[in-house]
Amino acid sequence: MSDLLGQVYAAARPYLESLSTRPVQDGAALELLESLGGPLPAEGSDPGEVIERLLRVGAAAATTSSGPRFFHFVTGGVTPAALAADWTAALLDQNAFSKISSPFAHEVETVALDWLRSLFGLPTSWGGALVASATFANFTSLGCATHWWGARLGADTAADGLSGLPRMPVISSGYVHASARKALQMLGHGRTAVTVFARDGAGRADLDGMRAHLTGLGGAPAVIIANAGEVNAGDFDPIAALAGLAEEFGCWLHVDGAFGLFAALSPRTEHLVEGIERADSIAADAHKWLNVPYESGFALLREPARLGAAFGMPGAAYLPGPGDPASGYALLGSESSRRARSLPIWATLAAYGRDGHREMVERHLDLTQHLAALVDAAPDLERLADVPLCIVCFRAVPPGVSDLDEHNRRLGAALLADGRVYAGTTVYDGRVALRPAIVNWRTTAADVDLFVEVVRELNVALTIK
Ligand SMILES: *Cc1c(COP(=O)(O)O)cnc(C)c1O
């Protein structure tokens, strides 16, 4: 066993040292993937050879999404403390199911959740659950909202489901993320349950439309989804105004703050999440801006008892039930047996502290403004949106090209094929655009400069063709 771990350890240093310079994707190395397939081995083979093969193919073919030049989606890296703690989690192989299955994992999760709550400035009465992702944080939060809504109608949806109830009204702005819809789909409401109120093509919230809609519901309970950090340009719904609506109409207010919640860490951006403590639930990711490994998200609840009400699992005689002091986080979320994903969160918060995380966020705010300035200075590029946080939404505007959408789609594809840096395309206010996001602790100004250089180089190459 220790020889195998030695093999991994030996591979770690060169891999980690290459992160800052290797291409995001080596297309040629993808041919190696074939060597992992074939029929299931009947007899197996030497584990040392197996791990050697896995490391050789993995190190060559891996997408360098934990490196500093991956600007696609919203993708964090892994801090040294988080990586070492993640290895520790694998080593100890704890089941963070209950206080019996692992008092250690239970306690670390309790501390990690309390530190996250404190990091974002939420009151001590808040609680939460660590989950696999922001999708599952949305699922967990909207699961609690569903139970709340059912109770308002005199039903217990955790026991009896949705049958016989009307459809749960959900409203949001045009910023609502696909994963919130997916969460509603998984909860049985269907992804079309959301009614969108947008006052422009970018998707900004139409507060008057929302108010009229809520008035029309005549007092029926409803859910408002506020978006703290949308994916095209990093913009925010007016959370305090939505909290005001929620309070006036007795709605559940859920905030999707997958990465935008981290605006709370800096005095420069905390105004963007003003009023968030008036929400009922908040979903966020740790594997994005906290820079811990996948799979790591969290849901924070103003009334943490709602987690147990929605996700409790009574009725198995061999398990501690809800309210039993031996029960644990399995009864406070969708999973039962689960790894100790709290360890990297605990370690990264312990190692770098509140100040370290504020400094990292502010470094990213500066780098994002640097990127915006480079875009603004380039005659062949056009910024399409303000830059409130960590995303710059822009497109190439080469002279003489009539179909700019088609051109920018090709530019996005060329960027991925080139592989030196990665960013994705989107459609912002009807226009195809690139939307690089900066949330990796390793990213420097030189990486941002390289990104703009590569984009401009490919833009010229495409225009000449
Ligand atoms: C990334 C993201 C999600 C989904 O997060 P996963 O971790 O991929 O499940 C949800 N909402 C927003 C705003 C996001 O940026």
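Conventions adopted
- Residues numbered from 1 in each chain as written.
- Predicted model: local features only at pLDDT ≥ 70, side-chain atom pairs only at ≥ 80, totals over all residues.
- Heavy atoms only, no water.
- Axes fitted to C-alpha atoms, helices over the stretch in contact; angles between N-to-C directions.
- Helix = DSSP H or I, 4+ residues; strand = E, 2+ residues; numbered from the N terminus.
- Parallel < 35°, antiparallel > 145°, perpendicular 65-115°, else oblique.
- Left-handed = near helix turned anticlockwise from the far one by under 90°.
- Contact = heavy atoms within 4.5 Å.
- Nonpolar A, V, L, I, M, F, W, Y, C, P; charged D, E, K, R; others polar.
- Near = heavy atom within 4 Å.
- Polar contact = N/O pair within 3.5 Å; in protein donor to acceptor, adjacent residues only side chain to side chain.
- Areas by Shrake-Rupley, 256 points an atom, 1.4 Å probe, with all protein chains shown as cover.
- Pairing = 2+ DSSP bridges.
- Domains from an automatic or database assignment.
- Patch = residues over 30% accessible without salt bridge, like charges linked within 9 Å, V, L, I, M, F, W, Y side chains within 5 Å.
- Salt bridge = Lys/Arg side-chain N within 4 Å of Asp/Glu carboxyl O.
- Buried < 20%, exposed > 50% of the residue type's maximum accessible area, 1.4 Å probe, protein only.
- Phe/Tyr/Trp six-rings, centres within 6.5 Å; stacked < 30°, edge-to-face > 60°.

An account of the packing of helix 4 (residues 103-119) against helix 11 (residues 342-377) is needed here, citing residue identities and associated values.
As a packed pair, helix 4 and helix 11 sit with axes 9 Å apart at the nearest point and diverge in direction by 30 degrees. The orientation of helix 4 with respect to helix 11, classified from their angle, is roughly parallel. Here helix 4 runs over helix 11; the crossing is left-handed. Residue-level contacts link Phe 104, Ala 105, Val 108, Glu 109, Val 111, Ala 112, Trp 115, Leu 116, Ser 118 and Leu 119 of helix 4 to Ser 342, Leu 343, Ile 345, Trp 346, Leu 349, Ala 350, Arg 354 and His 357 of helix 11. Residues belonging to the contact of helix 4 with helix 11 are distributed by class as follows: 13 nonpolar, three polar and two charged.

Quick one: what's the story with the site of the ligand, residue by residue and with numbers?
Near the ligand there are 13 residues, and of these Thr 135, Asp 256, Asp 285, His 287 and Lys 288 occur at the shortest range. Within the backbone of Ala 134, a nitrogen or oxygen atom sits 3.1 Å from an oxygen atom of the ligand. Taking Asp 285, its side chain carries an N or O atom lying 2.7 Å from an oxygen atom of the ligand. Contact with the protein chains hides 84% of the accessible area of the ligand, taken as 380 Å² for the molecule alone. The class makeup of the residues in the shell around the ligand is four nonpolar, six polar and three charged.

Quick one: what's the story with the packing of helix 3 (residues 80-92) against helix 11, residue by residue and with numbers?
Two numbers describe how helix 3 lies on helix 11: the axes approach to 8 Å, and their chain directions differ by 145 degrees. Handedness of the helix 3/helix 11 crossing: right-handed. Contacts from Pro 80, Ala 81, Ala 82, Ala 85, Asp 86, Thr 88 and Ala 89 in helix 3 reach Leu 343, Pro 344, Ala 347, Thr 348, Ala 351 and Tyr 352 in helix 11. Split by residue class, the contact of helix 3 with helix 11 holds 10 nonpolar, two polar and one charged.

Go over the sheet that holds strand 7 (residues 297-301), please, and point to the residues and values.
Reading across the sheet, the seven strands line up as 1-7-6-5-4-2-3 and stay open at both edges, with mixed pairing between neighbours. Across the chains shown, the open sheet's two edge strands, defined by having one partner strand only, are strand 1 (127-131) and strand 3 (194-196). For this sheet the average axis-to-axis angle between neighbouring strands, irrespective of direction, equals 20 degrees. Note: strand 6 (residues 281-285) against strand 7, five bridges, orientation antiparallel. Bridge pairing in strand 7 places Ala 283 opposite Ala 299. Against the sheet, helix 4 touches strand 1 and strand 7, its axis set at about 115 degrees to strand 1. Sitting on the sheet, helix 8 (residues 207-216) touches strand 2 (170-172), strand 3 and strand 4 (223-227), and the angle it makes with strand 2 is about 170 degrees.

Just give me the short version of the domain arrangement of the protein, but keep the residues and values in it.
The domain boundaries assigned to the protein delineate domain 1 (2-67) and domain 2 (84-349). Using C-alpha coordinates to define each centre, domain 1 is positioned 35 Å away from domain 2.

Just give me the short version of a nonpolar patch on the surface, but keep the residues and values in it.
On the surface, a cluster of nonpolar side chains totalling about 560 Å² of accessible area is made up of Met 1, Leu 5, Leu 91, Leu 92 and Phe 104. By the element assignment, Leu 91 lies in helix 3. Residue classification places Leu 91 among the exposed positions, given a relative accessible area of 63%.

Report on unusual backbone geometry, specifying residues and quantitative values.
Residue Glu 295 is bonded to the preceding Tyr 294 through a cis peptide linkage, with omega at 0 degrees. Inspection of the secondary structure puts Glu 295 in the loop between strand 6 and strand 7. The phi dihedral of Asp 93 falls on the positive side, at around 45 degrees, and the residue is not glycine. By the secondary structure assignment, Asp 93 is in the loop between helix 3 and helix 4.

Report on the packing of aromatic side chains, specifying residues and quantitative values.
What the rule picks out here adds up to 11 aromatic pairs. On the basis of an interplanar angle of 50 degrees and a centroid distance of 5.8 Å, the ring pair of Trp 148 and Trp 252 is categorised as tilted. Of this pair, Trp 148 sits in helix 5 (residues 134-152) while Trp 252 sits in strand 5 (residues 252-256); the two residues are 104 residues apart in sequence, bridging distant segments of the chain. By relative accessible area, Trp 148 is classed as buried at 11%. A centroid spacing of 6.4 Å and a plane angle of 90 degrees characterise the contact between Phe 394 and Phe 451, whose relative ring orientation is edge-to-face.

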